[in-house]
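# Analysis of the macromolecular model
Here is what each chain is made of, one letter per residue.
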Amino acid sequence: MAKIEAEITNKKVGIFRKNKVVIEKLNTILIGSIIPILLITVWELLSRIGVFPSYQLPAPTTILNTIYEMGLDGTLWSHIGVTTYRVFAGFLIGTGIAVVLGSFIGFYQRAERLFDPLIQAFRSIPSLAWVPLFILWMGIGEPSKITMIAVGVFFPVYLNIVSGIHGVDRKLIEVGKMYGLSTFQLIRRIILPASLPSFLVGLRSGLGLGWMFVVAAELMGASQGLGFLLTFGQNMSQPDVILASIILFALIGKLTDWLLKLLEQRSLQWQDRIQD
Amino acid sequence: MVIKITRTTIASMARSHSGLESGEKMTLVLNKVSRSFDGVAAVKDVHLKVEKGEIVGLLGTSGCGKSTLLRTISGLDTGYDGVIEINEKTSKQVNEETGFIFQEPRLLPWLNVLENVMFGLEGKRAEKLDKANHILQSVGLAGKENLYPKELSGGMAQRVAIARSLVTSPEILLLDEPFSALDAFTKMQLQDFLLDVWKKYHTTMILVTHDIDEALYLCDRVVILRGQPGEIVEELKVEEARPRNRGSEQLAQLKSDILTALDLNKQSVY
Ligand SMILES: Nc1ncnc2c1ncn2[C@@H]1O[C@H](COP(=O)(O)OP(=O)(O)O)[C@@H](O)[C@H]1O
Ligand SMILES: [Mg+2]
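Residues numbered from 1 in each chain as written. Chains lettered and ligands numbered in written order. Predicted model: local features only at pLDDT ≥ 70, side-chain atom pairs only at ≥ 80, totals over all residues. Heavy atoms only, no water.

## Concerning the interface of chain B and chain A
At the interface, 20 residues of chain B touch 20 residues of chain A. With both chains or domains summed, chain B and chain A bury close to 1900 Å², and 66% of this area falls on carbon and sulfur atoms. It is Trp110, Phe119 and Lys150 of chain B in chain B that bury the most area against chain A; as a group they hold 41% of the surface buried on that side. A salt bridge links Arg71 of chain B to Glu174 of chain A; its shortest N-O distance comes to 2.8 Å. (Contact = heavy atoms within 4.5 Å. Buried area = accessible area lost by both parts, 1.4 Å probe. Salt bridge = Lys/Arg side-chain N within 4 Å of Asp/Glu carboxyl O.)

## Describing the pairing of strand 4 (residues 81–86) of chain B
All names here are of chain B. As defined by bridge partners, strand 1 (residues 26–37) adjoins strand 4 across five bridges and the pair is classed as antiparallel. Residue Val29 lies in a different strand from strand 4, and its bridge partner there is Glu85. Here strand 4 pairs with strand 5 (residues 89–90) via two bridges, running antiparallel. In the sheet register, Ile86 faces strand 5, and the bridge partner there is Lys89. (Pairing = 2+ DSSP bridges. Helix = DSSP H or I, 4+ residues; strand = E, 2+ residues; numbered from the N terminus.)

## Side note on the site of ligand 1
Residues and elements named next belong to chain B. Contacts to ligand 1 come from Phe37, Ala42, Thr61, Ser62, Gly63, Cys64, Gly65, Lys66, Ser67 and Thr68. Within the backbone of Cys64, a nitrogen or oxygen atom sits 3.3 Å from an oxygen atom of ligand 1. Contact between ligand 1 and Thr68: an oxygen atom at 2.5 Å from a side-chain N or O atom of the residue. In isolation ligand 1 offers 550 Å² of accessible surface; the protein chains occlude 55% of this area. For the shell around ligand 1, the leading source of residues is helix 2 (residues 66–74), giving three residues. Along the lines of polarity and charge, the residues of the shell around ligand 1 split into three nonpolar, six polar and one charged. (Near = heavy atom within 4 Å. Polar contact = N/O pair within 3.5 Å; in protein donor to acceptor, adjacent residues only side chain to side chain. Areas by Shrake-Rupley, 256 points an atom, 1.4 Å probe, with all protein chains shown as cover. Nonpolar A, V, L, I, M, F, W, Y, C, P; charged D, E, K, R; others polar.)

## Section: the pattern of salt bridges
For the structure shown, the criterion picks out 19 salt bridges over all chains. Where Glu44 of chain A meets Arg48 of chain A, a salt bridge forms, and the shortest distance between an N and an O atom there is 3.0 Å. Here Arg48 of chain A and Glu44 of chain A lie together in helix 1 (residues 2–48), a separation of four residues that amounts to about one turn. A salt bridge links Glu104 of chain B to Arg106 of chain B; its shortest N-O distance comes to 2.6 Å. Arg106 of chain B gets classed as buried once you look at its relative accessible area, which sits at 12%. The network of salt bridges with shared partners includes Arg170, Lys171 and Glu174 of chain A together with Arg71, Glu104 and Arg106 of chain B. (Buried < 20%, exposed > 50% of the residue type's maximum accessible area, 1.4 Å probe, protein only.)

## What about a nonpolar patch on the surface?
Together, Leu30, Ile31, Ile34, Ile35 and Leu39 of chain A make up a nonpolar patch on the protein surface, roughly 550 Å² of accessible area in all. Following the sequence through the fold, Ile34 of chain A ends up in helix 1. (Patch = residues over 30% accessible without salt bridge, like charges linked within 9 Å, V, L, I, M, F, W, Y side chains within 5 Å.)

From the geometry alone we can't say anything about function, so treat these as descriptive.
Pasting the structure below:
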């Protein structure tokens, strides 16, 4: 009886704690949004009374309206769709190559001595410098854009995989050896899970770079996409389109990063680190 | 190097050899095992014979090569000279008859307690679960199966580590200062648990420790390593029947013998 009661109080305490956590979270969100809301209101007011000329800095409501209208006539979705497609294609290709090369070089020290200097040399070239060459080789179409994004994604993912594999605790590997695991089993049962956190960090920064590179790729010449909206707004002197595009980039970029973060939290529950 | 051989040494050597004469099969034999790192010897010319079911303590000050010796026995370290035989077969790799309990728990942080214990098991999942649950019960961790290593205290983590190495029922258990990081109470509990295990399975154990009381409480025989490179300087038999009284006079006498043996360290001329 007493046990059951204790359990019930435990549960109550648990719920209470959860509520507390939720309230605290809401609090931080509230506090964090005071200044942005203030700024946007001031911006709106100043735009309305004509302090900011609308051909240079349109009011927030105008920008929202632009997005809304693009949404109505359907162009918004095709722009978002095209850009997202490019990022994901580049992200997948870049990640795929990074995984293959990174694991190979991480596991085999001889391969590292063979390949790593070359990769480090390539890394010191700012990736955007490749653009003219890619355009020359592949034209202005999709392949050159996706290749660029893939190059951007590749390096953070690759570097994190290699350092993740190198950073696996030798002591844990010994545990595996004590149970007579083969090299393949060691990789699957110890090295891969142990280097997963580092890999996921690489994925997130790779995705961030992917979004950066898609802007560059689309600025270079595109007939569709959020980056195209940037040049379009510039050429047509429509700052609301530019700002709308910027906002959309921010939102979608944040959304995809949040998805990866969710994946990270799901798969790394075991990690012993300070809870945020 | 001068080594004084005390009366106890001679007596104990004679006694340990008598085990051989009776025709008992040796579970573990080290013949002139030496190990150097980059030309610097860490242990030198170690001869050791361990009978089945014996608990042998390797005692010595820090840095005298106890861990190094244990790793050569385990097969984790194969860069030694000399011969190691397990069950009368030369063994120079990880042997499935040996289990290792490290100084740190070394649990895999992405596996929960149950999965960690099952890590070294092979076969059907139901059987593995059965064995793991059984052993977790006996180390007093029933109900903690789903916790992750980050949620365990040091003592609990080490229990899981012990469970993990016992669940495969190794014939020889190698322990490298397994309790040195634990508080005194947990330490005593786990020492008693180890004796329970021994009572049940007669597991041969090689226990590395720098804790004289621990060695005297657990071991049938205490081997004292000394110097750099580490060499065996003494062997003592602990005849007292188990369960031993931690404060008994006999043990106190042996302890003072061991202290004398370790004191030789200062008197010997390099
Ligand atoms: N992997 C290694 N590389 C180089 N030297 C080592 C290595 N392992 C141990 N040693 C050296 O061997 C000696 C004995 O070490 P160790 O066996 O760990 O001592 P103990 O366990 O008795 O404290 C020490 O001097 C140590 O520096
Ligand atoms: Mg040691």
